[in-house]
Amino acid sequence: MGRMTGRRLLAAVPVLLAVTFGVFAVAEASPFDPVKAYAGTAGLTASQADLDQLRANLGGDQPLVPRWWDWLTSALSGDLGDSSTLRQPVADVITERIGWSALLATAAFAVAILLGTALGVLAARRRGGRLDRCVSSAAYTLEAAPAFWLGLLAIWFFALKLGALPAGGLTDTASDTLTPGQIVSHLVLPAGVLGLSQLPWFFLYVRQGVSDALAEDPVRGARARGLAERTVLAGHALRSGMLPMLTLIGSRVPELITGALLVETVFSWPGIAAATVQAATSVDFPLLAALTVLATAAVLLGNLLSDLLYGLADPRVGFDG
């Protein structure tokens, strides 16, 4: 396991380097001028000489490769530059927001995995039954529903119509302090929406895996020995049927990041994804470059995690093979 992890981490280095260079290449070809975006409204009346001086101060007058190398060496030393929109160091922006994004992603993944697994097992137990047909139809519907549409629907129903949950943000309107109760209440809708957007794939994988496992000889033998149905499902079918779902965890990370971009924006959640949208719309290149690399690293770690979980769950899979 250690050898495979080391190989994966070494292989991630050229991928991250290529991503950083690609970000700079795309910025070079972009028609948007980050210097004018940095200057803001003052750039509308500034002279070309002033803009050229500002470009030189920011290092924007350098060729592509030297500019990329300067950013890379500075980033390795911990200096990610300054955000032009938030007016603070990029490292501080990431430090302040990454915990909220991690909380949202963890809660959403927990909803998707736990609820998807439970529904998948129940549907596989009675394949073709009423529960299977209803949940499968709902899963295919959710699979096609955009995350932002689910978010707006949740706000309309739970916040506006029922008044049961807050519509967004992190604290109540009249509150100046952040309490655990407020965090939980404000987390329910965004985590639920993001989790429901990921649930169909976990449900369908578990449903298919458990259904195939129930038809295998070891499960039939367990039933023939008179074992309880709960023991057969939990001890035999579920363990075998969960193996394909473990590979799904890593592959859903990119979709989770994309969904978080929309969900955090809809619910005004103060996370990394919301900062990414703000950086892209404001041509905040230092922040956008750092967040792009961070998202790539998250995808690579997700793929590594799914392989490790699969290897731990199935001893037949060799880590170092």
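Preceding this section is the structure that the text describes.
These lines cover the structure that appears in this document, whether it is placed above or below. Remember, it's a predicted structure, so these values are computed and weren't measured experimentally.

### Thoughts on the overall build of the protein chain
Piece 1. Secondary structure assignment for the protein chain yields 15 helices and two strands.
Piece 2. Taking all 321 residues of the protein chain together, 36% fall into the buried category.
Piece 3. Look at the contacts in the protein chain between residues 6 or more apart in sequence, and 72% of them connect residues 24 or more apart.
Piece 4. Carbon together with sulfur atoms contributes 65% to the accessible area of the protein chain, which is approximately 17000 Å² in total.

### Description of the packing of aromatic side chains
Aromatic ring pairs are defined here through the distance separating the ring centres and the angle between the ring planes.
Piece 1. Following the criterion strictly, the structure yields six aromatic pairs and no others.
Piece 2. Relative to Phe157, the ring of Trp156 has its centre 6.1 Å away and its plane inclined at 45°; by these criteria the two rings are tilted.
Piece 3. Here the aromatic rings of Phe157 and Phe158 are separated by 5.0 Å at their centres, their planes lie at 90°, and the arrangement is edge-to-face.
Piece 4. Among the residues examined, Phe157 registers a relative accessible area of 33% and is labelled partly exposed.
Piece 5. Relative accessible area serves as the criterion here: at 34%, Phe158 is assigned to the partly exposed category.
Piece 6. Ring-pair connections join several aromatic residues into one group, and the members of that group are Phe21, Trp68 and Trp69.

### Considerations on the packing of helix H8 (residues 147–161) against helix H9 (residues 180–214)
Piece 1. Relative orientation of the contacting elements H8 and H9 amounts to 140°, with a least axis distance of 9 Å. What the angle tells us is that H8 and H9 run oblique. Considering the relative orientation of H8 and H9, their crossing is right-handed. Packed against H8, whose contacting residues are Ala147, Leu150, Gly151, Ala154 and Phe158, the element H9 presents Leu189, Val193 and Ser197 at the interface.

### Describing the environment of Val232
Piece 1. Counting through the fold element by element, Val232 comes out in helix H11 (residues 229–241).
Piece 2. Note: C-alpha distance between Val232 and Gly221 (eleven residues apart in sequence) is 9.7 Å.

### Examining the pattern of salt bridges
Piece 1. Under the counting rule described, the total for this entry stands at one salt bridge.
Piece 2. With its nearest N and O atoms 2.6 Å apart, the salt bridge here joins Asp132 to Arg207. On the criterion of sequence distance, the pair formed by Asp132 in helix H7 (residues 130–144) and Arg207 in helix H9 is long-range, its members being 75 residues apart.
Piece 3. Residue classification places Arg207 among the buried positions, given a relative accessible area of 13%.

### A closer look at the environment of Ala123
Piece 1. One can find Ala123 in helix H6 (residues 90–125).
Piece 2. Residue class for Ala123 comes out buried when judged on its relative accessible area of 0%.
Piece 3. C-alpha of Ala123 to C-alpha of Arg207: the two residues are 84 residues apart in sequence and 6.3 Å apart in space.
Piece 4. Among all residues touching Ala123, those that are not within four sequence positions of it are Asp132, Phe203 and Arg207.

### Some words on a nonpolar patch on the surface
Piece 1. There is a patch of nonpolar side chains on the surface, built from Phe148, Trp149, Leu152, Leu153, Trp156, Phe157, Phe158, Leu160, Leu162 and Leu262 and spanning about 990 Å² of accessible area.
Piece 2. The element contributing the most residues to the nonpolar patch is H8, with eight residues.
Piece 3. Looking at the secondary structure, you find Phe157 in helix H8.

### Thoughts on a negative patch on the surface
Piece 1. Taken together, the side chains of Asp79, Asp82, Asp92 and Glu96 present a region of like negative charge at the surface.
Piece 2. With respect to the element layout, Asp92 can be found in helix H6.
Piece 3. Overall, Asp92 belongs to the partly exposed group, its relative accessible area being 36%.

### Comments concerning unusual backbone geometry
Piece 1. Although it is not a glycine, Ser268 sits at a positive phi angle of roughly 55°.
Piece 2. Within the secondary structure, Ser268 is located in the loop between helix H13 (253–266) and helix H14 (272–281).

### Structural notes on the nonpolar core
One recurring pattern in soluble globular proteins is that nonpolar side chains are buried together.
Piece 1. Counting residues in each nonpolar core, the largest one holds 41 residues, and the members touching the most others are Leu194, Phe202 and Val210.
Piece 2. Elements represented by at least two residues in this core include exactly H6, H8, H9, helix H10 (217–224), H11, helix H12 (243–251) and H13.
Piece 3. Here this core takes eleven residues from H9, the largest share from any one element.
Piece 4. Counting 19 residues, the second-largest nonpolar core is a separate cluster that includes Phe24, Trp71, Val93 and Ala279.

Thresholds, definitions, all that
Residues numbered from 1 in each chain as written. Predicted model: local features only at pLDDT ≥ 70, side-chain atom pairs only at ≥ 80, totals over all residues. Heavy atoms only, no water. Helix = DSSP H or I, 4+ residues; strand = E, 2+ residues; numbered from the N terminus. Buried < 20%, exposed > 50% of the residue type's maximum accessible area, 1.4 Å probe, protein only. Contact = heavy atoms within 4.5 Å. Areas by Shrake-Rupley, 256 points an atom, 1.4 Å probe, with all protein chains shown as cover. Phe/Tyr/Trp six-rings, centres within 6.5 Å; stacked < 30°, edge-to-face > 60°. Axes fitted to C-alpha atoms, helices over the stretch in contact; angles between N-to-C directions. Parallel < 35°, antiparallel > 145°, perpendicular 65-115°, else oblique. Left-handed = near helix turned anticlockwise from the far one by under 90°. Salt bridge = Lys/Arg side-chain N within 4 Å of Asp/Glu carboxyl O. Patch = residues over 30% accessible without salt bridge, like charges linked within 9 Å, V, L, I, M, F, W, Y side chains within 5 Å. Lys, Arg positive; Asp, Glu negative; His and termini not counted. Charge placed at Lys NZ, Arg CZ, Asp CG, Glu CD. Core = buried A, V, L, I, M, F, W, Y, C linked by side-chain atoms within 4.5 Å.

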